[in-house]
Amino acid sequence: MPIMTWDDSLDIGVHDMNREHRDILDAMNAIYDATQAGKKGQPVIAMINHLGAVTARHFRDEEIFMAKIDYADLENHKRVHTKLLKDFAMHQAAAVAADGVPTTEFFQFLRLWLAAHIKCIDRKYADYSRAPKGAAGSAR
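Rules of the game
- Residues numbered from 1 in each chain as written.
- Predicted model: local features only at pLDDT ≥ 70, side-chain atom pairs only at ≥ 80, totals over all residues.
- Heavy atoms only, no water.
- Phe/Tyr/Trp six-rings, centres within 6.5 Å; stacked < 30°, edge-to-face > 60°.
- Helix = DSSP H or I, 4+ residues; strand = E, 2+ residues; numbered from the N terminus.
- Buried < 20%, exposed > 50% of the residue type's maximum accessible area, 1.4 Å probe, protein only.
- Expected span 1.5 Å × (residues − 1).
- Contact = heavy atoms within 4.5 Å.
- Core = buried A, V, L, I, M, F, W, Y, C linked by side-chain atoms within 4.5 Å.

Engineer: How should the packing of aromatic side chains be read in this particular structure?
Structural biologist: Two aromatic rings are characterised by how far apart their centres lie and by the angle between their planes. Across all of its chains, the model carries nine aromatic pairs by this definition. A centroid spacing of 6.4 Å and a plane angle of 70° characterise the contact between Tyr71 and Tyr125, whose relative ring orientation is edge-to-face. Pair noted here: Tyr71 is in the loop between α2 (42-68) and α3 (74-97) and Tyr125 is in helix α4 (residues 104-130), with a separation of 54 residues, a long-range link. The pair formed by Tyr71 and Tyr125 is uniform in burial state, with each residue classed as buried. An aromatic cluster is built from Tyr32, Phe59, Phe88, Phe106, Phe107, Phe109 and Trp113, whose rings are joined through pairwise contacts.

Printed below as a string of structure tokens:
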């Protein structure tokens, strides 16, 4: 059973970002499924490292997209990304120290991070990207 499944509430309407969000979700679910099956050690550490790499790449791509659309809240969004990567690194180090056994807190962090970040924070730039230039409330 996955930690989280993709549904319409996670669809922000930006194809490339949706695809990358699904990649992150797939990587999270792979870690969760492996640990639920009793796996640990280097295979799980490799999956956690993969999730970190996929996430860092996605954040970079997302920031490039936001710059391209001249998103007014880009700098704040970058700070959120920096904090998420820092928190992820803390959980990653704990899992490595525990021989590839992630904590319950790690999975809670992943679940909250992905759902809250996509549904709230990412939706803002996605909506902005679709707003007509010069529309009321648009900072373009």
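Engineer: I would appreciate a short explanation of α3 in the present structure.
Structural biologist: Within an α-helix, residues lying three or four positions from one another point in the same direction, as the helix has 3.6 residues per turn. For α3, spanning 24 residues, the distance from its first C-alpha to its last is 35 Å, which sits close to the expected 34 Å at 1.5 Å a residue. Taken together, the buried positions of α3 are occupied by Leu74, His77, His81, Leu84, Asp87, Phe88, His91, Gln92 and Ala95. Residues of α3 that are buried in the fold lie against α2 and α4. Trailing α3 by a residue or two, Asp99 shows a phi angle of about 55°, which is positive.

Engineer: Sorry if this is basic, but what is going on with the nonpolar core here?
Structural biologist: A general trend in soluble globular proteins is that nonpolar side chains are found buried together. Residues Met28, Leu51, Phe88, Phe106, Leu110, Trp113 and Tyr125 are the most contacted members of the largest nonpolar core, which totals 38 residues. Listed by contribution, the elements that provide at least two residues to this core are α1 (15-36), α2, α3 and α4. Ranked by the residues each element gives to this core, the list is headed by α4, at 11 residues. If we skip the residues at most four places from it in the chain, Phe88 touches Ile48, Leu51, Gly52, Phe106, Phe109, Leu110 and Trp113.

Engineer: For this particular structure, what's the right way to read the side chain of Thr55?
Structural biologist: Considering the arrangement of structural elements, one finds Thr55 in helix α2. Here Thr55 falls in the buried class, since its relative accessible area comes to 2%. Every residue in contact with Thr55, bar those within four places of it in the chain, is listed here: Ile24, Leu85 and Trp113.

Engineer: Sorry, what's going on with unusual backbone geometry here?
Structural biologist: At Asp70, a residue that is not glycine, the phi angle is positive and equals roughly 60°. By the element assignment, Asp70 lies in the loop between α2 and α3. Accessibility expressed as a relative area gives 53% for Asp70, which makes it exposed. Here Asp99, not a glycine, exhibits a phi torsion of approximately 55°, which is positive. Note on placement: Asp99 falls in the loop between α3 and α4.

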